Amino acid sequence: MMSYSSKEGSFPFTYDELDYIGNLCSERISDMKNDLEKKDPQKFLFIKSLSAKVEGLIELMDARKDEESKRMETANQIIKSAKLN
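In this text, all values refer to a predicted model and were calculated from it rather than measured experimentally. Sequence order sets the numbering: in each chain, residues are counted from 1 along the sequence as written. Totals for whole chains, interfaces and linings use every residue, but because this is a predicted model, local features are given only for residues with pLDDT of at least 70 and side-chain atom pairs only at 80 or more, for both listing and counting. Here the side-chain values reflect all heavy atoms present in the structure, with hydrogen atoms and water set aside.

## Quick notes on the overall build of the protein chain
Test applied: The secondary structure listing takes helices from DSSP runs of H or I that are at least 4 residues long and strands from runs of E that are at least 2 residues long, numbered from the N terminus. In this scheme, a residue with accessible area under 20% of its type's maximum is buried, one over 50% is exposed, and one in between is partly exposed, where area comes from a 1.4 Å probe on protein chains only. Contacts: residue pairs with any heavy atoms within 4.5 Å of one another. Only the protein chains shown count as cover for residues, and the accessible areas themselves come from Shrake-Rupley with a 1.4 Å probe.
The number of helices and strands found in the protein chain is two helices and zero strands. Residues classed as buried in the protein chain amount to 16% of the 85 residues present. Within the protein chain, counting contacts between residues at least 6 apart in sequence, those at least 24 apart form 54% of the total. Just so you have it, the protein chain exposes about 6,800 Å², and 53% of that area is on carbon and sulfur atoms.

Structural data, given as structure tokens:
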């Protein structure tokens, strides 16, 4: 089972590393699109697939970050409210 937070996951990459890999995939895809007839279609599909997986992991981590931020904000409001009473 995969686990992840806003900073890392059970997969061996940090958020920043995934972002970098995603950028590299995008650059390579752009380069390959310039002359698809001369490029290996299997390699093109593999890189597109890898890019999609990396972007999916980044989206999951971003969603978790948003959820963690909401929880922290709620907890801080509860603490602040308790101090006022």
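Read on for the rest.
## Focus: helix H2 (residues 41–84)
Where we set the bar: To estimate the expected span of a helix, count its residues, drop one, and scale the result by 1.5 Å. Residues adjacent in sequence count toward polar contacts only when both atoms are side-chain atoms; beyond that, a polar contact is any pair of N or O atoms within 3.5 Å, and within protein one must be able to donate a hydrogen and the other to accept it.
The first and last C-alpha atoms of H2 sit 64 Å apart over 44 residues, in line with the 64 Å expected at 1.5 Å per residue. Those residues of H2 that fall on the buried side of the exposure criterion are Phe44, Ile47, Ser51, Val54, Leu57, Ile58 and Met61. Lining the buried residues of H2 we find helix H1 (15–33). Where H2 begins, one side-chain oxygen reaches toward the backbone nitrogen of Gln42, 3.2 Å away; that side chain belongs to Asp40.

## Focus on the pattern of salt bridges
Here is the rule we go by: Every case where a carboxyl oxygen of Asp or Glu lies within 4 Å of a side-chain nitrogen of Lys or Arg is listed as a salt bridge.
One pass over the full model with this rule turns up two salt bridges. For the salt bridge of Arg71 with Glu67, the shortest nitrogen-to-oxygen distance reads 3.9 Å. Pair noted here: Arg71 and Glu67 are both in helix H2, with a separation of four residues, about one helical turn. For Glu67, a relative accessible area of 35% translates into the label partly exposed.

## Some words on the packing of H1 against H2
For the record, the criterion: Every axis in this analysis is a line fitted to C-alpha atoms, fitted for helices over the stretch in contact. Angles between the N-to-C directions lie between 0 and 180 degrees. Should an angle fall under 35 degrees it is taken as roughly parallel, and over 145 as roughly antiparallel, whereas 65 to 115 is taken as roughly perpendicular and any remaining angle as oblique. Note: crossing handedness is left-handed where the near helix turns anticlockwise from the far helix by less than a right angle, and right-handed where it turns clockwise.
Look at H1 against H2: their axes get within 9 Å of each other, and the N-to-C directions meet at 150°. Judged by the inter-axis angle, H1 sits roughly antiparallel to H2. The handedness of the crossing between H1 and H2 comes out as left-handed. On the side of H1, the interface is formed by Tyr15, Leu18, Asp19, Ile21, Gly22, Cys25, Arg28, Ile29, Met32 and Lys33, while H2 contributes Lys43, Phe44, Ile47, Lys48, Leu50, Ser51, Val54, Glu55, Leu57, Ile58, Met61 and Asp62.

## Structural notes on H1
Across its 19 residues, H1 extends 27 Å between first and last C-alpha, which sits within 8% of the 27 Å expected from 1.5 Å per residue. Elements that come into contact with the buried residues of H1 comprise H2.

## Some details on the side chain of Ser51
On the secondary structure map, Ser51 appears in helix H2. In contact with Ser51, other than residues within four places in its own chain, are Cys25 and Ile29.

On their own, these measurements won't tell you what the molecule is for.
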